[in-house]
Every structure is written in C-alpha cells, then in structure tokens.
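As a plain string of letters, each chain reads:
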Amino acid sequence: MDTQRFSYNKQSIQEAAQLLRSGELVAFPTETVYGLGARVFDESAVRRIFVAKGRPSDNPLIVHCAEKADLMRVSEPLPSNRKQLFDALYEAFCPGALTVLLPKHSSVPNVVTAGLNTVAIRFPAHPIAQALIRAAGEPLVAPSANRSGYPSPTTAQHVLHDLSGRIAAVIDGGACAVGIESTVVNILTESLTILRPGSITKEQLDKTALEQGFQPFVYASGKESGENNAAPLSPGMKYRHYAPNATVLLASSLEEASLLATTNSPALILARPEYADGATVHELSEQSLYGALRKADSEGFQTVILVCDSEVQNNIALMNRISKAASEQ
Ligand code: TXA
Ligand code: MG
C-alpha cells in the first residue's frame with residue numbers, strides 16, 4: 001500500500017475522512033503527538049491499528065472526540081458524585097492534552113478498551129484533529145502513530161518513517177506544539193489518580209480537584225498497578241517505550257555527559273535549551289525529546305546522553321519519558 005501524504009485543506013480532510021469511512025487507517029496531527037486514527041465503531045479497522053503498530057492487544061486505545069455531545073455515544077453517564085468533577089476538568093482543560101477514563105458504553109468494541117470496562121476519552125485541541133473527527137462522522141481511536149516501543153511521532157516525517165506502506169495516509173500539520181502525550185487520569189476510583197503524567201500537571205489538576213471538594217490526585221505507580229492480579233490500571237505503562245536503537249544514558253551534569261561521551265562515541269548529548277550549542281549539545285525539552293531520540297538513530301549515533309539536572313528532574317512528565325527511553329526492558 002502506498003501511504004498518501006496530505007497537506008491540510010478542506011478537500012484533503014474530506015478525502016481522509018472518506019478513507020476512514022471505508023475502513024482505512026489515517027494518521028493526523030494533534031497538539032501532543034501524531035495519532036493513528038480509525039473510526040471507533042469500525043472493529044476491523046481498530047484491529048488493524050494493533051497490527052500496523054505492532055501493539056500488544058492488551059493495551060487499550062484513547063477515543064478522540066470533537067465535542068462534548070460525542071460522549072453519549074462512547075460512555076455511560078458518570079456516577080453523580082464524579083459528574084461535577086468531570087465537568088470542571090472539561091471546563092479547565094478541554095479541548096487539550098488531558099485524557100479521562102469514563103465508564104465504557106456497550107457499543108464501543110471491546111478491542112478498543114482491551115476488555116476493560118472504562119474507556120479513555122480525549123478532546124484534542126488541534127484544528128486538523130477536530131476537523132477530521134467531524135468529517136469522519138464519529139469519534140476516532142488514535143494511539144500515537146509510531147511503531148510500538150519507538151519514540152512517539154511529532155512530525156509527519158516521523159509517522160512515514162515508522163508506518164509508510166502500512167497505513168492509507170498521513171495529514172501533515174507540521175510539528176506538534178506539546179511534543180509528549182496527554183496526561184491520563186482516572187476519576188472513577190476512590191482516590192483520583194494520574195496514570196500517565198503529561199503537560200497538564202498534577203498542580204493544575206489538583207486546583208480543580210480541590211475546588212470540587214476532592215483530595216489531590218495521586219500518581220499510580222507501576223508497582224501498584226502490577227502487584228495485584230487484576231488488570232493493570234493503565235496497561236500501556238508496563239511496556240518498553242520511547243526507546244531509540246541507540247543506547248540511552250543519563251547524566252546529572254553537562255560535565256558528566258562530556259565524560260561519558262568520550263567513552264561512548266559517537267554520542268549525541270541533549271541538555272536544557274540554555275546549554276544547547278547546535279553542534280555537540282542539542283536541546284532537551286518536551287517539544288524536542290522524541291525528535292532528538294529519532295535523530296540519534298537516523299544520524300548513526302551509538303549513544304544518546306541526556307543531561308537530567310535538577311530542573312529537568314522537576315519536570316515529572318519529561319522525566320517519565322526519559323526514564324522509559326533509558327530503561328532496559
Ligand atoms: O496525547 C495522546 O494521548 C496521544 C494522541 C495521539 O492523542 N495518544 C496516545 O495514545 O498517547 P497511546 O495509545 O500511545 O497511549 C494511550 C495510553 C496507554 O498508556 C494506555 O494503556 C492508556 O492510555 N489507556 C487507554 N485506555 C485506557 C483505559 N481504559 N484504562 C487505563 N489506561 C488506558
Ligand atoms: Mg503510544
């Protein structure tokens with residue numbers, strides 16, 4: 001299959017929506033990372049997403065909606081004591097980089113949620129994502145449009161690198177503004193939990209929670225979700241992620257990174273933008289991390305050294321992705 005690359009205009013949105021309606025997969029930009037879209041009620045297209053990505057079938061997908069009214073097609077009403085909190089989170093952060101688990105509607109195919117009774121919902125802010133969902137006529141499931149395990153795509157070029165020949169089309173919307181995936185939360189459990197940290201921070205979420213009379217959010221640790229034999233809370237978090245082929249090493253200072261580079265050459269060093277010189281040291285930020293990890297591979301570096309000084313370590317979402325990129329399993 002030849003993968004088409006569309007630029008953004010009214011006609012290309014219609015063509016892409018037509019492909020989706022005929023059961024094809026189309027990648028599209030969101031403000032976080034590029035997503036690989038299929039219509040949520042098209043079970044066979046949803047199944048092909050797992051094949052195209054090489055994704056384990058026990059890792060559920062996020063359903064992307066264009067407007068609040070779409071919710072009634074994919075989720076059951078929230079318990080009354082959580083409805084107000086959801087509305088407040090929606091007011092504060094949607095459309096945007098927040099994904100919320102809701103009770104699953106029975107018409108959503110089980111393959112979407114990997115058999116869980118919750119469905120993850122997000123309202124992307126990107127105009128191309130919104131236009132495509134509306135033109136497709138129903139919400140779209142969209143995991144990040146990368147091969148499973150590799151860094152998420154933040155440009156159409158990244159999508160084509162991973163999925164060319166495996167999907168019908170990608171809509172090119174340029175680079176994603178946020179650069180890392182959405183924050184995933186569960187507000188159905190006794191304590192409100194953050195399943196995946198993202199650019200919407202715990203501090204921001206806590207403000208809304210407290211205003212609505214709830215305790216602050218807690219981070220769900222991998223350990224907690226894996227320890228009991230019940231299904232893990234956010235199954236995707238247990239897999240190796242975001243990892244380039246190059247070895248990823250962490251350093252706590254630029255000096256340590258330079259030292260490591262001498263024994264691990266050729267090495268690409270990433271550090272906070274203030275330290276980037278465009279020659280040996282490149283920018284480490286939410287926006288640039290995935291592109292830089294991919295660049296290490298495309299330019300033949302054996303090693304990527306990430307300078308995680310205290311400022312980087314304070315960025316929980318960025319550190320979460322860095323730790324996974326550097327982990328062995
Ligand atoms: O920013 C994003 O969220 C991007 C863009 C394309 O929207 N999408 C994305 O999807 O990152 P994906 O499939 O790469 O990651 C979805 C995460 C996984 O960790 C998955 O396990 C979790 O959300 N998830 C999805 N449905 C869930 C559910 N019902 N319960 C718990 N976790 C769920
Ligand atoms: Mg992903």
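Residues numbered from 1 in each chain as written. Chains lettered and ligands numbered in written order. Predicted model: local features only at pLDDT ≥ 70, side-chain atom pairs only at ≥ 80, totals over all residues. Heavy atoms only, no water.

> Quick rundown of the overall build of the protein chain? Include the residues and the values.
In terms of regular secondary structure, the protein chain is built from 13 helices and 15 strands. Relative to the compact-globule value of 20 Å for 329 residues, the protein chain shows a C-alpha radius of gyration of 20 Å, a close match. Dimensions of the protein chain along its principal axes, counting C-alpha atoms only, are 55 × 50 × 35 Å. For the protein chain, the residues scored as buried account for 57% of the 329 residues in total. Long-range pairs, those at least 24 residues apart, make up 71% of the contacts in the protein chain between residues at least 6 apart in sequence. If you sum the accessible surface of the protein chain, you get close to 14,000 Å²; carbon and sulfur atoms cover 50% of it. (Helix = DSSP H or I, 4+ residues; strand = E, 2+ residues; numbered from the N terminus. Rg over C-alpha atoms; globule rule 2.2 N^0.38 Å. Buried < 20%, exposed > 50% of the residue type's maximum accessible area, 1.4 Å probe, protein only. Contact = heavy atoms within 4.5 Å. Areas by Shrake-Rupley, 256 points an atom, 1.4 Å probe, with all protein chains shown as cover.)

> Any chance you could break down the domain arrangement of the protein chain for me, citing the residues and the numbers?
Split by domain assignment, the protein chain resolves into domain 1 (4-229) and domain 2 (247-326). Here the C-alpha centre of domain 2 lies 28 Å away from the C-alpha centre of domain 1. Overall, the association of domain 1 and domain 2 removes approximately 1,300 Å² of surface from exposure, summing both partners, and the carbon and sulfur fraction of that is 55%. Interface area lost by domain 1 to domain 2 is led by P151, I180 and P197, which between them contribute 38%. (Domains from an automatic or database assignment. Buried area = accessible area lost by both parts, 1.4 Å probe.)

> Explain the packing of aromatic side chains residue by residue, including any values.
Using the criterion set out here, one finds 3 aromatic pairs in the structure. Taken together, a centroid distance of 6.3 Å and an interplanar angle of 40° make the contact between F86 and Y90 tilted. Of this pair, F86 and Y90 both sit in helix α4 (residues 80-93), separated by 4 residues, roughly a single helical turn. Among the residues examined, F86 registers a relative accessible area of 4% and is labelled buried. Ring plane angle 90° and centroid distance 4.9 Å describe the contact between Y90 and F123, whose orientation is recorded as edge-to-face. A residue pair is termed long-range when its members are at least 10 positions apart, and Y90 in helix α4 and F123 in the loop between β6 (118-122) and α6 (127-136) qualify at 33 residues. Here Y90 matches F123 in class, with each residue buried. By way of ring pairs, the aromatic residues F86, Y90 and F123 are connected into one cluster. Sitting above the plane of the Y90 ring, K68 keeps its charged end 4.7 Å from the centroid. (Phe/Tyr/Trp six-rings, centres within 6.5 Å; stacked < 30°, edge-to-face > 60°. Lys NZ or Arg CZ within 6 Å of the ring centre and 35° of its normal.)

> Explain the sheet that holds strand β15 (residues 303-307) to me, using residue names and the numbers behind them.
Spatially, β12-β15-β13-β14 is the arrangement adopted by the 4 strands of the open sheet, whose pairing is parallel. Each having just a single partner strand, β12 (247-251) and β14 (281-283) make up the two edges of the open sheet. Taken pair by pair, the neighbouring strands of this sheet meet at an average axis angle of 30°, ignoring direction. (Pairing = 2+ DSSP bridges. Axes fitted to C-alpha atoms, helices over the stretch in contact; angles between N-to-C directions.)

> I'd like to hear about helix α13 (residues 316-326), residue by residue, with values.
Among the 11 residues of α13, 9 are classified as buried, and the element is accordingly described as predominantly covered. Turning to α13, its buried residues are A317, L318, M319, N320, R321, I322, K324, A325 and A326. On its buried side, α13 packs onto β10 (193-196), β12, α11 (289-298), β15 and α12 (310-313).

> Account for the packing of α11 against α13, naming residues and giving values.
α13 packs onto α11 with a crossing angle of 20° between their chain directions and a minimal axis gap of 11 Å. Put simply, α11 runs roughly parallel to α13. Our pair here, α11 against α13, has a crossing hand that is right-handed. For the pair α11 and α13, the contacting residues are L289, Y290 and L293 in the first and L318, R321, I322 and A325 in the second. (Parallel < 35°, antiparallel > 145°, perpendicular 65-115°, else oblique. Left-handed = near helix turned anticlockwise from the far one by under 90°.)

> Can you explain the environment of L89? Please cite residues and give values.
Its location among the elements puts L89 in helix α4. Judged by relative accessible area, which is 1%, L89 ranks as buried. The spacing of L89 and Q212 is 123 residues in sequence and 9.8 Å in space, taken between C-alpha atoms. In this view, L89 contacts C94, L98, I187, L205 and T208; residues no more than four positions away in its chain are not counted.

> Requested: an account of the nonpolar core, with residues and values cited.
In this structure, L36, V63, F86, I121, V141, I187 and L205 are the most contacted members of the largest nonpolar core, which totals 51 residues. Grouped together as the second largest cluster of nonpolar side chains are 24 residues, I180, V248, Y290 and M319 included. (Core = buried A, V, L, I, M, F, W, Y, C linked by side-chain atoms within 4.5 Å.)

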